[in-house]
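Results of the structural survey
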Amino acid sequence: MDDWNDLRLVLAVARAGSLIGGAKALGVNHSTAFRRLNALEARIGVRLFERLPAGHYLPTGAGTQATLAAERMETETARLGREIAGSDHRLTGRLRVTSSETLAFRLLTAELARFRAAHPGIEVELAIDNRILSLSRREADIALRVTRPREPDLYGRKLADVAWTLYGAPPLLKKLKLPRRNGGSDVKALADGPVIGWHSDAEGIHAGTWLESEVPPAAIVYRSNSLINQLSAAKAGIGLAVLPCYLGDPEPGLARALSKPIPALARELWIVTHKDLRATARVRAFLDLVGAGLLAHKRLFAGTGPL
């Protein structure tokens, strides 16, 4: 097996658990991936995957060996790319950034406009994704995350505390007699609904997990896997939505149903890159300019004021 593209295919199929998922990850169509995998197995005379019902692909012993070899090659290729990029002192080239949908909607895009005005030679590619993309595998050069980085090969800086609370359209709040006089962060306001929740397939969302534990199923009247859509639904009067304060507080036609943030939903905003890329000119410029721009909104993030 002397072609890196063959190993990339094996790795993609193994990670996705299906040929369709592997093809999608590589940006090729299903029939192309099917032909390539069959040709590879015929060429080496070994079955790499067991074809299971419902389109699942399970690596055989040989497939597991090939997957591990592909991971090692991917790691070394990514390391070489980071080392080369890390020695680049030009304020030109592409910079891949990943962020949540809400941050991009409310604050980040304006900061990216300032960054582009200051550094027109840098092409910014923004990946809107609630998943944590791998900086080690160069899925992104810079990430804006709501968790402290734990990996030892990453460099990060905390920008702000991020508060969440409950919001609704003023007519609905008046009808429900919210916010209560004692206000605070009493989540009993959620018990009777109507509440806007997360879509059933939105796994790993902290706010979604919290809602499922605190709100009776009968109180949830609407679900969405998008916080921007939840914001729109709350403005339309469908129900109450739990939103980050930086998203809900500035929004016209929306008001807090609880006067204080909900402590259990407190998060942190971090700007993160790989330590090998930290000295790259375009990465350094982004960390400085965009980091400072977001830091200026720390009171909005914390739910204590506009600036």
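Our structure is the block above this text.
My aim in this report is to walk through the structure given alongside it, one point at a time. (Residues numbered from 1 in each chain as written. Predicted model: local features only at pLDDT ≥ 70, side-chain atom pairs only at ≥ 80, totals over all residues. Heavy atoms only, no water.)

A few points about the packing of aromatic side chains
According to the stated counting rule, one finds three aromatic pairs in the structure shown. Taken together, a centroid distance of 6.0 Å and an interplanar angle of 55 degrees make the contact between Phe-49 and Tyr-57 tilted. Residue Phe-49 is classed as buried on the basis of its relative accessible area, which comes to 0%. What makes Tyr-57 buried here is its relative accessible area of 11%. (Phe/Tyr/Trp six-rings, centres within 6.5 Å; stacked < 30°, edge-to-face > 60°. Buried < 20%, exposed > 50% of the residue type's maximum accessible area, 1.4 Å probe, protein only.)

Digging into the packing of helix α5 (residues 101–118) against helix α8 (residues 227–235)
Put simply, α5 and α8 touch, their axes get as near as 8 Å, and they point 65 degrees apart. With respect to α8, the axis of α5 lies roughly perpendicular. Side by side, α5 and α8 meet where Glu-101, Thr-102, Phe-105 and Arg-106 of the first sit next to Leu-227, Ile-228 and Leu-231 of the second. Taken together, the residues of the contact of α5 with α8 sort by class into four nonpolar, one polar and two charged. (Axes fitted to C-alpha atoms, helices over the stretch in contact; angles between N-to-C directions. Helix = DSSP H or I, 4+ residues; strand = E, 2+ residues; numbered from the N terminus. Parallel < 35°, antiparallel > 145°, perpendicular 65-115°, else oblique. Contact = heavy atoms within 4.5 Å. Nonpolar A, V, L, I, M, F, W, Y, C, P; charged D, E, K, R; others polar.)

Overview of the sheet that holds strand β11 (residues 255–256)
Spatially, three strands are ordered β10-β7-β11 in an open sheet, and the strand pairing comes out antiparallel. Strands at the two margins of the open sheet, each flanked by one partner only, are β10 (241–244) and β11. Here two bridges tie strand β7 (residues 164–168) to β11, and the two strands are oriented antiparallel to one another. The residue of β11 that forms the bridge with Tyr-167 is Arg-256. Relative to the sheet, α8 contacts β7 and β10, its axis offset from that of β10 by approximately 125 degrees. (Pairing = 2+ DSSP bridges.)

Some details on the sheet that holds strand β5 (residues 142–145)
The mixed open sheet is built from five strands, whose spatial order is β4-β3-β5-β12-β6. Sheet topology places β4 (122–128) and β6 (154–162) at the edges, where each strand pairs with a single neighbour. Averaged over all adjacent pairs, the angle separating strand axes in this sheet is 20 degrees, with direction ignored. In this structure, strand β3 (residues 93–99) lies alongside β4, joined through seven bridges in parallel fashion. Residue Arg-96 lies in a different strand from β4, and its bridge partner there is Glu-125. Across the sheet, helix α10 (residues 281–295) is in contact with β3, β4, β5, β6 and β12 (267–274); its angle to β6 comes to roughly 10 degrees.

Observations concerning the side chain of Glu-41
Position of Glu-41 among the secondary structure elements: in helix α3 (residues 30–44). Among all residues touching Glu-41, those that are not within four sequence positions of it are Val-46, Arg-47, Leu-48, Phe-49 and Arg-51.

Some details on helix α1 (residues 4–16)
Helical periodicity: at 3.6 residues per turn, an α-helix aligns residues three or four positions apart in one direction. Taking 1.5 Å of rise per residue, the 13 residues of α1 would be expected to cover 18 Å, and the 18 Å separating its terminal C-alpha atoms lies within 8% of that figure. All buried positions along α1 are accounted for by Asp-6, Leu-7, Leu-9, Val-10, Leu-11, Ala-12 and Val-13. At the exit of α1 stands Gly-17, carrying a positive phi of roughly 80 degrees. (Expected span 1.5 Å × (residues − 1).)

Looking at the packing of α1 against helix α2 (residues 19–26)
With their axes 7 Å apart at the nearest point, α1 and α2 run at an angle of 125 degrees to one another. Here α1 is positioned oblique relative to α2, judged by the angle of their axes. Considering only the axes of α1 and α2, their crossing is right-handed. Contacts between α1 and α2 involve Arg-8, Leu-9, Ala-12, Val-13 and Ala-16 from the former and Leu-19, Gly-21, Gly-22, Ala-25 and Leu-26 from the latter. Across the contact of α1 with α2, the residue classes tally to seven nonpolar, two polar and one charged. (Left-handed = near helix turned anticlockwise from the far one by under 90°.)

Don't take any of this as a statement about function, it's just geometry.
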